[in-house]
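# What the coordinates show
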Amino acid sequence: MLKGKSPRKSLSSPKTAKKSGQITHPNNHSNKSIKTKLSTKLENPQNILFSWFSFLQSQNSAHLAIIFTLILSFYLRWTVGLGSFSGEKTPPMHGDYEAQRHWMEITFHLPSNQWYFYDLKYWGLDYPPLTAFHSYLCGFVANLINPKWVELDASRGFESYESKLFMRATVILFDFLVYIPGVILFLNKYLHSAKWTSKQAAIFIPLIQPALILIDNGHFQISNLVKIGSSVLITSAIMLSPWISSTEQLYQIAFRVFPFARGLFEDKVANLWCVLSVVVKLKNIFSVDQLAKMAAGFTALAFLPSNLFMVFYLLKTKESHEKKVHEKSILLAVLPISLLFVDEVFPCSIFVQVSIFSMYPLLQRDNLELQYFATLGMWIFITSLFPFSYMGSYGYLKVITSAVVSFFILLWHIAFKVITPPSNLPHIFELSNATFSFGVFCLFYFYFSYRTIQLFWPPSTSASKIKTN
Amino acid sequence: MANLKNSVWIVSLFAVSLVFKVLLFPSYHSTDFEVHRNWLSITKNLNISQWYFEDTSEWTLDYPPFFAWFEYILSQLVFLIDPNVVKLENLNYDTQSCVYVHRSTVILSELILFWALIRFANIHKNSISSIIISALVFLSPGFLIVDHVHFQYNGFLFGILIWSINFALENKDFASAALFAILLNFKHIFVYIAPAYFVYFLSRSLKKPTYLQSLSYLIKIGFCVISITLISFGPFIYMNQMKQVLSRLFPFKRGLTHAYWAPNFWALYTVADRVLIFIYNAFGKMGISSEIASNTRGIVGNTNFGVLYDIKPSWTFIITILSQIPFLLKLWANPVPNTLVWAISGCGLSSFLFGWHVHEKAVLLFLIPLWYLVSYPFPFTSYFL
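About the criteria used
- Residues numbered from 1 in each chain as written.
- Chains lettered and ligands numbered in written order.
- Predicted model: local features only at pLDDT ≥ 70, side-chain atom pairs only at ≥ 80, totals over all residues.
- Heavy atoms only, no water.
- Helix = DSSP H or I, 4+ residues; strand = E, 2+ residues; numbered from the N terminus.
- Buried < 20%, exposed > 50% of the residue type's maximum accessible area, 1.4 Å probe, protein only.
- Contact = heavy atoms within 4.5 Å.
- Polar contact = N/O pair within 3.5 Å; in protein donor to acceptor, adjacent residues only side chain to side chain.
- Buried area = accessible area lost by both parts, 1.4 Å probe.
- Salt bridge = Lys/Arg side-chain N within 4 Å of Asp/Glu carboxyl O.
- Nonpolar A, V, L, I, M, F, W, Y, C, P; charged D, E, K, R; others polar.
- UniProt positions renumbered as here; feature names shortened; annotations may be inferred.
- Core = buried A, V, L, I, M, F, W, Y, C linked by side-chain atoms within 4.5 Å.
- Patch = residues over 30% accessible without salt bridge, like charges linked within 9 Å, V, L, I, M, F, W, Y side chains within 5 Å.
- Areas by Shrake-Rupley, 256 points an atom, 1.4 Å probe, with all protein chains shown as cover.
- pLDDT = per-residue confidence, 0-100.

### Topic: the overall build of chain A
Secondary structure assignment for chain A yields 21 helices and zero strands. Buried positions account for 55% of the 469 residues belonging to chain A. The long-range fraction of contacts in chain A, counting pairs at least 24 apart against all pairs at least 6 apart in sequence, stands at 78%.

Set out below in structure tokens:
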């Protein structure tokens, strides 16, 4: 890795490249044009997050930045975990927490050929094998601590302070083992030439991003996280691979094998992402930045299924009272977006805001309102709120969008508290929430498509700008 | 000065702390939660003449009158939101709404601390170190754990102390003395650091050029302190209840060590006694056993010793004062605000080490003033924190 860094560095600063006359990349020109376009945007916006990191830099405490970020993300995860979880004290079926615990129980006690067949009516295992192995691992540790937590059949619906602590801890542990290193590796590579503050901000955002924390550490879920975390890891591994020195071959192989094992069972988002970036990398046509953009673009494409899901959800709730929890599927979209925070500050902020909002009905059922409001407030404050917002530097369109979105969310919450829905429309609030969120997601779908196209065929003006520079 | 605008750090510090503290709402709370809930209901439902007599709950009112009034004001607020919280007979009432409402009052009362810290930074022209100190105090794990998990109002009380120190830093001595008197009437544990204030003002008065000025200075300080104390205790003196009030405020029936030992001198003393009992019994000299059951039995009661002398409250005070003398001498010689902060911290430490029935939480008493000293070039202060 160290070997690989030096040529990239010389690329990153145009002055040194000019002096030495090196051209290490065949597609140097377009690469630069994007860089410059990005960097004009990255000039420290008047935002609390950027202020914080430039403050640390000015105090010669840059090395502390990542520690603060990690501590904060740990604190948020742990304290959100203090709240209740889905299905707490609601027998006979409980909720997602019980599902995860139940999987630990069956994977630990049963041979693997029974995993997908055992009493499917009670939270039958319906996640890919990697999740099953993960459950087995957790079940193994749980059994060491207290066998009662994962006793076969007898432990159904088991709830205790200690077992909750254990379950919460497993989520956080895997967060810190898979998701967080993945994010950091990816962004370090992706933004290798960006300003230090931007890089730190980019790392900060996905780590404290409330949508994920609320679902994983509040509502309770591990698998989504593992999936996305590993896909992030895979992508970063692939992106790193050309620069990994020979001594680290083994490391690399481990990562290389990983996607094959996973790819079979991954959903389309991750597959498309990985496959595409592998192909493009081999052809060596596009730069790292473009690759990530494309990945984001295709993820945006893949929003469509999840949005359709939401439409189905709408129709379903209209007709029957069956409530299938599809709110969480938005996580798939939210995560890649939050990885792109520095490039797309404003869209990312609004998008995450709305996606947290879209999960409110779910969280409200889980009695996680307090955590919801606290983290949503924090998100708004950190990413977009007056007086640290971009209002000065950004156009009216964005200000108005932001105002409309925030105003609607506020209004909706007030109405939800004050008004009891009429008897002929019992799900009016859930419906209006989902409709609004869907509308916003659609808008973002088009916006990100537009951005992707723009990145593939950058307008000629930016190229001419480079020349004059 | 870096690119840190004044409003930026103030607003973000508050926002961050708000998120931190709100997220702690569902966490564990100790019996102090019920103690304060009971006080809310006492002050809400009873006439002032009964405040210090009420004993439906075992957690009787044992803070000075200002704190009772503070609870009275809070109880009016809480009553509007959840009337069940402030019912006397609702012992151990801790529904989610009750906990959330009650915990919000802690955050609300901490605004005093927040304001004091902003003022502190302003006095130091918002230098980086003063801002960092403010942030460290406001987000201090001590407050997070003791106030927002365990449940107490230390943030509010230390806010008053910091206000008092702020005034001292600005050389507004009378305001400083008045605020400290108010603080004492909120929670009398701060009497441990009163010697520092006493020496500070006395020494400052003697440094005045003429005797007349010294005298008028002292009279003004005395007037501030005495009038505030009269406002606080006056009604109880009038109702002839002082004996009852004082017995509630200073419960010497409680033992030398708290049910959960503070790591102080008396903890070592008790351990030494245990070891000696063990040795005595091993040599079969005499049977000291059943009566001296366990000092850590978790009930607030008297502490008896088997071999070593039983400790009387007065002795602990003498030892505490003696151990405070070095700090006080230094302050006497040089009565400037910075030395006052030093002495406050030192006196707090002495009381923690040698005081009677010290709670482990009392560590805040010297910890918080010590934060002030972080920016001074004393290399060892940071080790305490």
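### Looking at helix α7 (residues 141-151) of chain B
Residue and element names in this part refer to chain B. Counting buried residues along α7, nine of its 11 residues qualify, which places the element largely inside the surrounding structure. Within α7, the full set of buried residues consists of Gly142, Phe143, Leu144, Val146, Asp147, His148, Val149, His150 and Phe151. The distance from a side-chain oxygen at the start of α7 to the backbone nitrogen of Gly142 is 3.0 Å, and the residue carrying that oxygen is Ser140.

### So, the interface of chain B and chain A
Listed per partner, the contact involves 22 residues of chain B and 20 residues of chain A. Here chain B packs against chain A, burying approximately 1800 Å² in sum over the two surfaces, 76% of which is carbon and sulfur. Inspection of the region where chain B meets chain A yields zero salt bridges. Taken together, the links from chain B to chain A amount to two residue pairs in polar contact (both at pLDDT 80 or more). Those elements that place two or more of their residues in the side of chain B that touches chain A are α1 (6-23), α4 (96-109) and α6 (128-138) of chain B. For the side of chain B that touches chain A, a count of residues per class yields 16 nonpolar, five polar and one charged.

### Things to note about the UniProt feature "transmembrane region" (unreviewed entry) in chain A
Residues and elements named next belong to chain A. Taking the numbering used here, the UniProt-annotated feature "transmembrane region" (unreviewed entry) corresponds to residues 61-78, 127-145, 165-188, 294-315, 330-358, 370-388, 395-416 and 428-448. In the segment residues 127-145, helix accounts for 89% and strand for 0%; the C-alpha atoms at its two ends are 25 Å apart. For residues 428-448, helix accounts for 100% and strand for 0%, while the C-alpha atoms at its two ends are 30 Å apart.

### Here we look at the pattern of salt bridges
It is possible for side chains of opposite charge to pair when their charged atoms get near one another. All names here are of chain A. Overall, the coordinates contain 10 salt bridges over all chains when judged by the stated rule. Between Glu98 and Arg101 there is a salt bridge whose closest N-O contact spans 2.9 Å. Note that Glu98 and Arg101 are positioned in helix α6 (residues 96-109) at a spacing of three residues, about one turn of the helix. We note that Glu98, like Arg101, is buried. The closest approach of N and O atoms between Asp153 and Arg156, which form a salt bridge, is 3.6 Å.

### Some details on the nonpolar core
A general tendency of soluble globular proteins is for nonpolar side chains to be buried together. Trp51(B), Val137(B), Leu161(B) and Phe190(B) are the most contacted members of the largest nonpolar core, which totals 155 residues. The leading source of residues in this core is helix α8 (residues 154-169) of chain B, at 11 residues. Contact partners of Val137(B), with chain neighbours within four places excluded, come to Leu113(B), Leu117(B), Phe143(B), Ile162(B), Ile368(B) and Trp371(B). In this structure, Tyr97(A), Cys138(A), Trp149(A) and Phe174(A) belong to the second largest nonpolar core, which totals 13 residues.

### Observations regarding a nonpolar patch on the surface
All names here are of chain A. The grouping of Trp52, Leu64, Ile67, Phe68 and Ile71 at the surface amounts to a nonpolar patch, some 420 Å² of accessible area in total. Here the nonpolar patch takes three residues from helix α5 (residues 65-80), the largest share from any one element. Take Trp52: it is sitting in helix α4 (residues 48-58). Judged by its relative accessible area of 31%, Trp52 falls in the partly exposed class.

### Details of the side chain of Asp173(B)
Locating Asp173(B) in the fold gives a position in helix α9 (residues 173-184). Contact partners of Asp173(B), with chain neighbours within four places excluded, come to Tyr200(B), Phe201(B), Arg204(B), Tyr217(B) and Ile221(B).

### Some words on the confidence of the model for chain A
All names here are of chain A. When pLDDT is averaged across chain A, the result is 66; 57% of the residues are at 70 or more. Averaged pLDDT values for the elements of chain A fall to 33 in helix α12 (residues 249-263) and rise to 92 in α5. Counting contacts from residues 1-44, a segment whose pLDDT is below 50, to residues more than four positions away or on other chains yields 55 contacts. Residue range residues 236-326 is modelled with pLDDT below 50. Its contacts to residues more than four positions away, or to other chains, number 130 contacts.

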